[in-house]
Amino acid sequence: MELHPDVERVLVSDEQIANRCKELGKEISEYYKGEVPIAVGLLKGSVPFLAQLVKNVPGDIEMDFMDVSSYSGTESTEVKIIKDLEGSIRDRSILLVEDIIDTGKTIKVVKELLYSKGAKDVKIVALLDKPEGRKVDVDADWVGFVIPDEFVIGYGLDYNQRYRNLPYVGVIKKSAI
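In this text, all values refer to a predicted model and were calculated from it rather than measured experimentally. (Residues numbered from 1 in each chain as written. Predicted model: local features only at pLDDT ≥ 70, side-chain atom pairs only at ≥ 80, totals over all residues. Heavy atoms only, no water.)

## Some details on the pairing of strand β2 (residues 38-43)
(1) Moving on: In terms of burial, β2 is a largely internal element, five of the six residues being buried.
(2) Moving on: Bridge analysis of β2 against strand β5 (residues 93-101) gives four bridges, and the strand direction is parallel. Looking at the pairing, G41 lines up with V97 of β5. (Buried < 20%, exposed > 50% of the residue type's maximum accessible area, 1.4 Å probe, protein only. Helix = DSSP H or I, 4+ residues; strand = E, 2+ residues; numbered from the N terminus. Pairing = 2+ DSSP bridges.)

## Points about helix α1 (residues 14-31)
(1) Moving on: Compared with an ideal rise of 1.5 Å per residue, which puts 18 residues at 26 Å, α1 spans 25 Å between its outermost C-alpha atoms and is within 8% of the ideal.
(2) Moving on: Looking at α1, one finds that the buried residues are I17, R20, C21, L24, G25, I28 and S29. In a view along the axis of α1, the buried residues occupy a sector of 165°, so they form one face of it. Exposed residues lying more than 90 degrees from the buried face of α1 are E15, K26 and E30. (Expected span 1.5 Å × (residues − 1). Arc of directions from axis to C-beta.)

## Concerning the nonpolar core
Side chains that are nonpolar tend, in soluble globular proteins, to be buried together.
(1) Moving on: By size, the foremost hydrophobic cluster in this structure holds 26 residues, and its most contacted members are I28, F49, V125, L128 and V169.
(2) Moving on: Those elements that provide at least two residues to this core are α1, α2 (47-54), β5, β6 (121-129), β7 (142-146) and β9 (169-172).
(3) Moving on: With residues up to four places along the chain from it excluded, the contact list for F49 reads C21, L24, V97, E98, V125, A126, L127 and Y155.
(4) Moving on: The next biggest cluster of nonpolar side chains, apart from the first, holds 21 residues, and it includes L85, I124, V138 and A140. (Core = buried A, V, L, I, M, F, W, Y, C linked by side-chain atoms within 4.5 Å. Contact = heavy atoms within 4.5 Å.)

## Quick notes on the sheet that holds β9
(1) Moving on: Pairing is antiparallel across the open sheet formed by three strands, whose spatial order is β1-β9-β8. This sheet does not close on itself; its edge strands, each paired only once, are β1 (7-12) and β8 (152-153).

## Remarks on the pattern of salt bridges
(1) Moving on: In the structure shown here, the tally under the stated rule is 14 salt bridges.
(2) Moving on: The salt bridge involving E150 is made with R9; its shortest N-O contact spans 2.5 Å. Note that E150 is positioned in the loop between β7 and β8 and R9 in strand β1, a separation of 141 residues in sequence.
(3) Moving on: Relative accessible area serves as the criterion here: at 22%, E150 is assigned to the partly exposed category.
(4) Moving on: D141 is paired through a salt bridge with K123; the nearest N and O atoms lie 3.8 Å apart. Remark: K123 occurs in strand β6 and D141 occurs in the loop between β6 and β7; sequence separation between them is 18 residues. (Salt bridge = Lys/Arg side-chain N within 4 Å of Asp/Glu carboxyl O.)

Following this line, the structure appears as structure tokens:
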């Protein structure tokens, strides 16, 4: 695997992500046994993780997407809903799929919004958890990897819309910011 010139080091490889998604898929399907949850991916960052995850969930699962913005460059800003869900989620179980939980602001706002729309249950699965960055009290029900408080890119995560396509999660070089 060739390292992108703007990446300082790889934190999580494509192989590690694939293996962890197999484990998460089993755990999630056990939890939702007998139900058809709606996996709600937060655009754009969750897409690679969501795609890898759902193919490892053996039961039925529906998908929908929300576009939620909370970053400008490396700074966390106010949470804005850009694209809302297409259908009703009243009395449905929601699996909220997120690329990273950092400050927790985005996921907390979205979780509250889903409950206000009548969701029966909202569980969170995140590829990455950065507990040191937390500004609000929120935890994922399933986590792929806990990472240190560094700015990461790749596997859906971006810096100013770049680097999402990297097949791993890496730390961006300070010189690239």
